[in-house]
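Working through the structure, step by step
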Amino acid sequence: MSQNKKTTIVIAGKPLPTYYRLISSIIRCIYYPNCTLVGHVPAISNGKPTLFLCSHRNSAFDGYLILKVAPFGQALASIQLLNNPLIRLFFTGIPVVRKKDKQRLGISPNGFENPVEAAVSHITKGGSLFLFPEGSSEWGHKPLPYQRGGARIIRSLLSQRVEFNVVSVGLFYVMPDRFASYAEVYVGKPISIADQVNDESEQEWENRIHEQISQALNAVSVNCPDEKTFKAAEHYAYLSLMQGESYAEAFLRYQNQHEICPMPQPKAVSYHLIWRWLGFFLMFIFLPILLASAVGARYADARNTITFFKIFAGGLAGLIWLPLLIGFVWLWPSVIIPSLISAFIGYKIIQYKGSAPC
């Protein structure tokens with residue numbers, strides 16, 4: 001980027017811009033139509049800015065599900081990421097910019113060089129912030145090691161006597177890599193962080209905070225002792241979901257007490273794969289988007305990145321195909337309108353009949 005161009009950045013303390021609230025809601029409602037909030041949801045409605053400590057399971061689009069908890073919340077973002085015009089169609093955030101990048105990228109000299117500084121400024125000014133302490137997503141049986149930035153942010157805020165909430169959030173997907181998967185966002189209880197005691201150093205206080213928030217995150221996240229327990233917990237949670245229970249709550253119950261949790265009786269076979277293929281067949285009018293999504297998925301290097309490439313590729317194809325469809329409605333309404341009705345029926349079939357795990 002030439003130096004005479006200025007990169008637009010989100011200002012600390014400001015809510016998530018309307019465009020990103022809209023695009024995240026649309027994509028979440030389409031790709032995860034059955035996403036629900038469970039847990040201690042009322043605990044986050046006291047009006048204070050909140051630091052949400054979130055589990056990281058399924059690539060950058062985890063943030064779209066987290067926004068269901070606090071639609072105006074922000075996240076920290078890499079300026080290299082935000083400087084890409086295609087990425088910026090889907091994501092924004094409060095950027096942290098290295099000093100040497102400010103002039104090269106045309107960034108205001110008031111931009112943040114330190115993520116802790118950016119987070120503290122945002123919350124101090126009344127904004128809520130989403131933080132993923134693992135730093136990266138992985139579809140495994142337990143979290144990746146938690147980074148210490150969250151504890152440092154909390155210590156800095158407490159030192160400044162800022163009033164804010166700290167809430168842990170866990171993400172649970174029945175099929176993380178499948179279109180129309182059932183998903184739940186589990187909201188934990190607010191974490192009460194004790195002030196620094198008289199004989200405690202800054203580092204000891206920060207270590208204690210880190211340990212406390214790590215335990216709180218483990219309590220609401222996938223944190224199984226091994227892969228075998230993880231697979232059994234997924235099976236138990238899905239069978240419980242079919243009985244009308246919360247998937248996340250059932251998963252956490254089995255994870256913590258699997259020795260005494262009898263498996264629910266499975267329901268009759270639903271032939272979900274047949275329903276799923278029927279649904280996609282009825283959505284033929286969106287074939288260019290579906291094909292782009294399928295091709296994009298081939299670039300994923302792990303299960304936790306499949307969703308990112310599917311949504312990214314399908315979204316870009318949609319930017320081209322959907323305006324064309326609007327034009328086609330005026331040219332061939334007798335063909336396009338029935339096709340759109342067919343697609344809607346197919347989508348509902350996938351949502352309610354074809355969203356079981358394979």
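Residues numbered from 1 in each chain as written. Predicted model: local features only at pLDDT ≥ 70, side-chain atom pairs only at ≥ 80, totals over all residues. Heavy atoms only, no water.

Helix and strand counts for the protein come out as 13 helices and 7 strands. A total of 358 residues make up the protein; the buried ones form 51% of that total. Accessible surface, the protein: about 17,900 Å² in total, of which carbon and sulfur atoms supply 62%. (Helix = DSSP H or I, 4+ residues; strand = E, 2+ residues; numbered from the N terminus. Buried < 20%, exposed > 50% of the residue type's maximum accessible area, 1.4 Å probe, protein only. Areas by Shrake-Rupley, 256 points an atom, 1.4 Å probe, with all protein chains shown as cover.)

This brings us to a nonpolar patch on the surface. Where nonpolar side chains cluster on the molecular surface, the patch consists of Tyr271, Ile274, Trp275, Leu278 and Phe281 and spans about 560 Å² of accessible area. Assessed through its relative accessible area of 31%, tryptophan 275 is described here as partly exposed. (Patch = residues over 30% accessible without salt bridge, like charges linked within 9 Å, V, L, I, M, F, W, Y side chains within 5 Å. Salt bridge = Lys/Arg side-chain N within 4 Å of Asp/Glu carboxyl O.)

The geometry of a pair of packed helices is captured by two quantities: the angle between their axes and the separation between those axes. Between helix H6 (residues 149-159) and helix H7 (residues 202-220), the least distance of the axes is 8 Å, while the angle of their chain directions is 120°. Put simply, H6 runs oblique to H7. The two elements H6 and H7 meet at a crossing, and its hand is right-handed. Taking contact as the criterion, the partners of Gly150, Ala151, Arg152, Ile154, Arg155, Leu158 and Ser159 in H6 are, on H7, Glu202, Trp205, Glu206, Ile209, His210 and Ile213. (Axes fitted to C-alpha atoms, helices over the stretch in contact; angles between N-to-C directions. Parallel < 35°, antiparallel > 145°, perpendicular 65-115°, else oblique. Left-handed = near helix turned anticlockwise from the far one by under 90°. Contact = heavy atoms within 4.5 Å.)

Moving on to the environment of valine 220. Position of valine 220 among the secondary structure elements: in helix H7. Valine 220 sits in the buried class, given a relative accessible area of 5%. Distance from valine 220 to leucine 252, taken between C-alpha atoms, is 7.2 Å for residues 32 residues apart in sequence.

With that settled, consider the side chain of glutamate 200. With respect to the element layout, glutamate 200 can be found in the loop between strand E7 (183-190) and H7. Overall, the relative accessible area of 13% leaves glutamate 200 in the buried class. In contact with glutamate 200, not counting residues within four places along its chain, are Asp195, Trp205 and Arg208.

In this model H7 runs 28 Å from its N-terminal to its C-terminal C-alpha over 19 residues, within 8% of the 27 Å that 1.5 Å per residue would give. Inspection of H7 places Trp205, Glu206, Ile209, His210, Ile213, Ser214, Ala216, Leu217 and Val220 among the buried residues, and these make up the whole buried set. Where H7 is buried, its residues touch strand E2 (50-54), H6, strand E6 (165-173), E7 and helix H9 (247-257). (Expected span 1.5 Å × (residues − 1).)

Let's shift gears to the packing of aromatic side chains. For the structure on display, the rule yields 24 aromatic pairs. Taking the centre distance of 4.9 Å and the plane angle of 85° together, the rings of tyrosine 19 and tyrosine 20 count as edge-to-face. For tyrosine 20, a relative accessible area of 14% gives the class buried. Ring centres of phenylalanine 61 and phenylalanine 308 lie 5.7 Å apart, and the angle between their planes is 45°; on these two criteria the pair is classed as tilted. In this pair, phenylalanine 61 is assigned in the loop between E2 and helix H2 (62-66) and phenylalanine 308 in helix H12 (residues 303-331), connecting sequence segments 247 residues apart. What makes phenylalanine 61 buried here is its relative accessible area of 2%. A residue is classified by how much of its surface remains accessible, and phenylalanine 308, at 17% relative accessible area, is buried. In this structure an aromatic cluster arises from ring pairing among Tyr31, Tyr32, Trp139, Phe172, Tyr173, Phe179, Phe230, Tyr247, Phe251, Phe280 and Tyr347. Note that arginine 57 overlies the ring of tryptophan 139, its terminal NZ or CZ placed 4.2 Å from the centroid. Of note, lysine 353 hangs over the ring of tryptophan 275, and the distance from its end group to the ring centre comes to 5.5 Å. (Phe/Tyr/Trp six-rings, centres within 6.5 Å; stacked < 30°, edge-to-face > 60°. Lys NZ or Arg CZ within 6 Å of the ring centre and 35° of its normal.)

By the secondary structure assignment, arginine 28 is in helix H1 (residues 18-31). Buried and unpaired, arginine 28 has no salt bridge, with aspartate 62 as the nearest side chain of opposite charge at 12 Å. Here arginine 28 is in contact with Pro33, Cys35, Tyr64, Leu65, Leu67 and Lys68, once residues within four sequence places are set aside. (Lys, Arg positive; Asp, Glu negative; His and termini not counted.)

Take the state of the cysteines next. Scanning the model with the defined rule gives 0 disulfides in all. Just so you know, cysteine 35 is unpaired, no disulfide at all, and the nearest cysteine sulfur is the one on cysteine 29, 8.7 Å from it. (Disulfide = S-S within 2.5 Å.)

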